[in-house]
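# Chains, contacts and geometry: an overview
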Amino acid sequence: MQIDARGPRFGAAITLVVLLLVIYFDSPILLAIQTLVWAIGAFAGPHKSPYGYIFKTLVKPRLKSVGELENVKPPQFAQLVGFIFGVVGLVGVAIGSPTVFLIATAFALAAAFLNAVFNFCLGCEMYLLLVRARLIR
Amino acid sequence: MNHWQLVLSVLLVSSAFGLFLHFTRGKLTKKYSNEVSFDQLNVGHELGKKATILQFKTEYCSICPGVKRQINELIKNDKGISFYEIDAVERIDLAKKLHVKSSPTILFFNESGLEEGRIIGAPKRDQLRNTLEKITTIKMEITNAN
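Residues numbered from 1 in each chain as written. Chains lettered and ligands numbered in written order. Predicted model: local features only at pLDDT ≥ 70, side-chain atom pairs only at ≥ 80, totals over all residues.

With that out of the way, let us pick up the overall build of chain A. Check the secondary structure of chain A and you find six helices and two strands. Secondary structure of chain A in N-to-C order comes out as β-α-α-α-β-α-α-α. For chain A, the C-alpha atoms occupy an extent of roughly 45 × 35 × 25 Å along the three principal directions. Counting only contacts in chain A whose residues sit at least 6 apart along the sequence, the fraction spanning at least 24 positions is 72%. (Helix = DSSP H or I, 4+ residues; strand = E, 2+ residues; numbered from the N terminus. Contact = placed C-beta atoms within 7 Å.)

Another aspect to go through is the pairing of strand S4 (residues 105-110) of chain B. Residues and elements named next belong to chain B. The element S4 is largely enclosed, with a buried count of six among its six residues. The alternating pattern of S4 places Thr 105, Leu 107 and Phe 109 and Ile 106, Phe 108 and Asn 110 on opposite faces, both of which are buried. Bridge count between strand S2 (residues 51-57) and S4: six bridges; the pairing is antiparallel. Across the sheet, Phe 56 pairs through a bridge with Thr 105, a residue of S4. Looking at chain direction, S4 and strand S5 (residues 115-120) are connected through five bridges and run antiparallel. Bridge pairing links Phe 109 to Glu 115 in S5. Two successive antiparallel strands, S4 and S5, enclose a turn made up of four residues, where Gly 113 displays a positive phi of approximately 90°. (Buried ≥ 20, exposed ≤ 12 C-beta atoms within 10 Å, placed from the backbone. Pairing = 2+ DSSP bridges.)

Looking now at unusual backbone geometry. Residue and element names in this part refer to chain B. Cis geometry marks the peptide bond from Ser 103 to Pro 104; its omega dihedral reads -5°. Along the chain, the position of Pro 104 falls in the loop between helix H3 (92-97) and S4. In the Ramachandran plot, Asn 42 falls in the positive-phi region, its phi being about 55° despite a non-glycine side chain. For Asn 42, the location among the structural elements is in the loop between strand S1 (28-29) and S2.

Attention shifts here to the interface of chain B and chain A. Taken together, the contact between chain B and chain A spans 25 residues of the former and 26 residues of the latter. At the level of elements, helix H1 (3-24) and H3 of chain B are the ones that each hand at least two residues to the side of chain B that touches chain A. Per-element accounting of the side of chain B that touches chain A gives the leading share, eleven residues, to H1(B).

It is worth spelling out the nonpolar core at this point. With 56 residues, the main nonpolar core has Leu109(A) and Ala112(A) as its most contacted residues. Per-element tally for this core: the top contributor is helix H5 (residues 98-118) of chain A, with ten residues. When residues no more than four places from it in sequence are discounted, the contact partners of Leu109(A) are Leu16(A), Leu19(A), Ile23(A) and Val10(B). (Core = buried A, V, L, I, M, F, W, Y, C linked by C-beta atoms within 7 Å.)

Residues and elements named next belong to chain B. The strand order across the open sheet built from five strands is S1-S5-S4-S2-S3, with neighbouring strands paired in mixed fashion. Two strands lie at the open edges of the sheet, namely S1 and strand S3 (81-87), each paired on one side alone. Summarising the sheet, S2 and S3 pair through seven bridges and their orientation is parallel. Bridge pairing in S3 places Lys 57 opposite Asp 87.

Residues and elements named next belong to chain A. Turning to helix H3 (residues 50-59), its buried residues are Tyr 51, Gly 52 and Phe 55. Along H3, the residues classed as buried sweep out an arc of 105° about the axis, all on the same side. H3 presents Thr 57 and Leu 58 as exposed residues on the side facing more than 90 degrees away from its buried surface. (Arc of directions from axis to C-beta.)

Our next topic: the packing of helix H4 (residues 73-94) of chain A against helix H6 (residues 122-132) of chain A. Residue and element names in this part refer to chain A. Where H4 meets H6, the closest approach of the two axes is 9 Å, and the angle between their N-to-C directions is 70°. The orientation of H4 relative to H6 falls into the category roughly perpendicular. For the element pair H4 and H6, the recorded crossing hand is left-handed. Facing H4, whose interface residues are Pro 74, Phe 77, Ala 78 and Val 81, H6 presents Leu 122, Gly 123 and Tyr 127. For the contact of H4 with H6, the residue count by class is six nonpolar, one polar and no charged. (Axes fitted to C-alpha atoms, helices over the stretch in contact; angles between N-to-C directions. Parallel < 35°, antiparallel > 145°, perpendicular 65-115°, else oblique. Left-handed = near helix turned anticlockwise from the far one by under 90°. Nonpolar A, V, L, I, M, F, W, Y, C, P; charged D, E, K, R; others polar.)

Structure representation (structure tokens):
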């Protein structure tokens, strides 16, 4: 399946703002909401997540240029990585470790920043390394 | 460390990493070694008469299809250059042997089957053209799509 390549980047920009708020307000609830968004993006597809929906209904109709299409799998992989960071952060809250919460959120913030600002392709850089390290198939 | 210091540190490190990738990806880098020739790699394809391009991709690489199109467009009038795309996960043995760590990684082999260099990431059109010209030493007739 192909989606507008600008959608995931737009989603990353919103995620960046949300994660800044998570850290500023020290808010596990906001992180839980963001983790839910990642879960939808990772398991149903980024185009079905709330940010994808906002892009499709509010942003894309206002864009004059036609965006390039990309396979849905790479941004879906990035959503999955975000979801894992989110779960780790929430586990940190559950076990009473603010350090785990902050570190996991900081990693997710870094990934969202790289995606939003540099159009960083997480799947290009990480997937093969994880396969080579036998951490995933 | 307070929260703002943490945010600032994350953004600074991420910016440095992003800039590093921006300035290093898509450029021709030196070959890894001349120890293994194309014929010894068991790629499953034949060596091109003038040059051979191997592109390693993964299914989670968003820029790989675009790079493949770019290369196909560039070499379409030159039958002496062979281009093959390989899934790095399916041929993880080959990826390891050739020190491929990210996708896309594009390897250039000369007519003797020795690696002349590689480009990691999405190459610029001029970079691709110059590399192929250097390897084949024949001025290619390229239809400039731009």
